[in-house]
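Given next are the chains, with one letter for each unit.
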Amino acid sequence: MAGSFCFILVCLVVLLFGLIILNHFLPLFSHLGPLPKGSFGWPLLGETLAFLKPHPSHSTGAFLHDHCSRYGKVFKSHLFFSPTVVSCDQELNYFILQNEDKLFQCSYPKPIHGILGDISMLVAVGDIHKRLRNVALSLVTTIKSKPEFLSDIETTAIQILNSWRNRRRVIFCEEARKYTFNVIVKQVLGLTPDEPETSTILEDFLTFMKGLISLPLYIPGTPYARAVQARRRISSTVKAIIEERRRRKEGSCGKSSEKKKGDFLEILLCVDSLSEDEKVSFVLDSLLGGYETTSVLMAMVVHFLGQSPAALGQLKLEHQNIRSMKKKDELLNWEDYRKMEFTQNVINESLRYGNVVKFVHRKALKDVKFRDYLIPSGWKVLPVLSAVHLDPSLHADAHHFYPWRWERLDQTSKKFTPFGGGSRCCPGSELAKVEIAFFLHHLVQKFRWRNEVGDKPLAFPYVEFQKGLALQVEYCSS
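Residues numbered from 1 in each chain as written. Predicted model: local features only at pLDDT ≥ 70, side-chain atom pairs only at ≥ 80, totals over all residues. Heavy atoms only, no water.

*Asks:* Break down the packing of aromatic side chains for me, citing the residues and quoting the values.
*Replies:* The full count for this structure, using the stated rule, is 29 aromatic pairs. Ring centres 6.3 Å apart and planes at 20 degrees place the aromatic pair F149 and W334 in the stacked group. In this pair, F149 is assigned in helix α7 (residues 147-162) and W334 in helix α14 (residues 334-338), connecting sequence segments 185 residues apart. For F149, a relative accessible area of 3% puts it in the buried group. On the basis of relative accessibility, which here comes to 22%, the residue W334 falls in the partly exposed class. When the ring of Y402 is compared with that of W404, the centres are 5.2 Å apart and the planes differ by 50 degrees; the resulting orientation is tilted. Take Y402: its relative accessible area is 39%, and that puts it in the partly exposed class. Taken together, the ring pairs connect F51, F63, Y71, F75, F80 and F359 into an aromatic cluster. Sitting over the ring of F51, K358 keeps its end group 4.9 Å from the ring centre. (Phe/Tyr/Trp six-rings, centres within 6.5 Å; stacked < 30°, edge-to-face > 60°. Helix = DSSP H or I, 4+ residues; strand = E, 2+ residues; numbered from the N terminus. Buried < 20%, exposed > 50% of the residue type's maximum accessible area, 1.4 Å probe, protein only. Lys NZ or Arg CZ within 6 Å of the ring centre and 35° of its normal.)

*Asks:* How would you explain the pairing of strand β3 (residues 82-87) if you had to name every residue and give the values?
*Replies:* Of all six residues in β3, five are buried, a share of seventy percent or more. Taken together, the six bridges between strand β2 (residues 74-79) and β3 define a ladder with antiparallel strand orientation. Considered in β3, the bridge of S77 is made with T84. Between the end of β2 and the start of β3, which pair antiparallel, lie two residues, with F80 showing a positive phi angle near 55 degrees. Here β3 runs beside strand β9 (residues 380-383); their pairing, made up of four bridges, is parallel. By the bridge assignment for β9, T84 is matched with K380. (Pairing = 2+ DSSP bridges.)

*Asks:* Break down the sheet that holds strand β13 (residues 470-475) for me, citing the residues and quoting the values.
*Replies:* One open sheet accounts for three strands, arranged β5-β13-β10; its pairing is antiparallel. Two strands lie at the open edges of the sheet, namely β5 (169-171) and β10 (447-451), each paired on one side alone. Each neighbouring strand pair of the sheet contributes to a mean axis angle of 35 degrees, computed without reference to strand direction. With three bridges joining them, β5 and β13 adopt antiparallel strand pairing. Within β13, the position partnered with V170 by the bridge is L471. Its contacts with the sheet place helix α12 (residues 276-306) against β10 and β13, and it is angled at close to 85 degrees to β10. (Axes fitted to C-alpha atoms, helices over the stretch in contact; angles between N-to-C directions. Contact = heavy atoms within 4.5 Å.)

*Asks:* Requested: an account of helix α9 (residues 196-212), with residues and values cited.
*Replies:* In this model, α9 (17 residues) spans 25 Å end to end at C-alpha, consistent with the 24 Å of a helix rising 1.5 Å per residue. Looking at α9, one finds that the buried residues are T198, I201, D204, F205, F208, M209, G211 and L212. One side of α9 carries all its buried residues, which in axial view fall inside an arc of 150 degrees. Of the exposed residues in α9, those oriented more than 90 degrees away from the buried face are P196, E203 and K210. (Expected span 1.5 Å × (residues − 1). Arc of directions from axis to C-beta.)

*Asks:* Before we move on, can you summarise the sheet that holds strand β1 (residues 55-56) with the specific residues and values?
*Replies:* Across a sheet, strands are paired by hydrogen bonds formed along the backbone, either parallel or antiparallel in direction. Taken in spatial order, the three strands line up as β1-β11-β12 in an open sheet, and their pairing is antiparallel. Of all the strands in the sheet, the pair left with one neighbour each is β1 and β12 (463-465). Helix-sheet contacts for α12 involve β11 (457-459) and β12, and the interaxial angle to β12 is about 55 degrees.

*Asks:* Describe the pairing of β13, listing the residues and the values that go with them.
*Replies:* Both β10 and β13 contribute to a ladder of five bridges, which runs antiparallel. Each bridged residue has a counterpart across the sheet, and for R450 the counterpart in β13 is Q472.

*Asks:* Which residues make up the pattern of salt bridges, and what are the values?
*Replies:* Throughout the structure, instances matching the rule amount to 26 salt bridges. For R248, the salt bridge identified is with E244, shortest N-O distance 3.8 Å. Note that R248 and E244 are positioned in helix α10 (residues 223-251) at a spacing of four residues, about one turn of the helix. R248 gets classed as partly exposed once you look at its relative accessible area, which sits at 36%. Here E244 falls in the partly exposed class, since its relative accessible area comes to 34%. For D336, the salt bridge identified is with K326, shortest N-O distance 2.7 Å. (Salt bridge = Lys/Arg side-chain N within 4 Å of Asp/Glu carboxyl O.)

*Asks:* Summarise the environment of L116; cite the residues concerned and give the values.
*Replies:* By the element assignment, L116 lies in helix α5 (residues 110-116). Classification of L116 by relative accessible area gives buried; the value is 7%. Taking the C-alpha atoms as reference points, L116 and V228, separated by 112 residues in sequence, lie 8.2 Å from one another. Those residues in contact with L116 that sit more than four places away from it in its chain are L122, V123, F208, L212, R231 and L288.

*Asks:* Help me get a handle on unusual backbone geometry, residues and values and all.
*Replies:* Even without being glycine, D101 reaches a positive phi, approximately 70 degrees. Relative to the elements of secondary structure, D101 occurs in the loop between α4 (90-98) and β4 (104-106). Residues other than glycine seldom take positive phi values, yet L469 does so here, at roughly 60 degrees. Tracing the backbone shows L469 in the loop between β12 and β13.

Distances and angles like these do not, on their own, reveal function.
Have a look at this one:
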């Protein structure tokens, strides 16, 4: 009896493994047309672990280097539990990004949906994404037109840097996150660093960010489970702030003395095209984009400048010239920002060389023929943005930090897509550049710094400095 049971159990296990193997390799045979060359790797896991193996963000990593050498710039693989076409090709990447919701669609793994929510602008598709993006563009335009926007940014930068005066060492990633969080919370929710809601949101947000890059296991106590719970708490906090703002607004009807905050939320409350949940999700997206992405880019700029004395010298001279034309303690304005031409070159080169976003997730909505091969309907498609940025055939000395290349390069070209492209291009990218430029204006004039040895930006795939980018700093009293 026991022998029969063991035999049945063995048969079931063999059948299960057989089905897994069949399901893994079946997509190779269920299409008409030539597929790109490549490998599907191991059943179930495919080549995901090798693809996600950490590597310096200013390189493509061993996986892409090996596969492009063997199969070409476009190849098939099995990643994130899906048959996948990986593109390191400039033309195909551009084609994918420009055909959003026509031939391709945003398709992030389900665990990302679990943390961000299905109506997050980062994962939403179709009409929901269009409505959210239109509101985002409108809000960004409105905020940029407000005089206090620039003064808030600069005041925050000065406060952060003033706290360095008596310090000899700073962990720059922590300082950058503090700066970007204080800026974005003020711009989105009208909160200052001293208000209790700010520290509550920051604490939950740190938990949220750790879970975003963790193993997606929803088991109590895991970083992923804590991140999902943190998002719920942030949503509750934001809803409470919205309700309080709405009550205050209704209670002050007809009272001209009620001062409007002029932040994202103030404008968002007047938008009728979004539901309450969409407004809350929009606020979370704004916090995420304005906090993490901007702080990582700031860290990369400072890291690369610390390794390039010539670029740092020219940048310092540009900002000294701008400051020399202003009164003592006079704040910067849009005209000053437009004069920061080399600053823009430094930021663009940090985006190209450092690659804040390595790749984006898409899927084919129908069979797509590109050149001599087929991208089957339903397959995942990964345009690798960093591969194009670091392609020696497209960029001279591609593996060197050289801001001067942008004196002749067009930042809107096909070979430079740091914020994605098409209808999913980041709507707040210009705001991020303003934040970084204003911070650099005061940093390069008030401090000298030296990067500590042994730290560099690593792609996990999200970019991170393992040691937090420790800097030896010296205040320049002159």
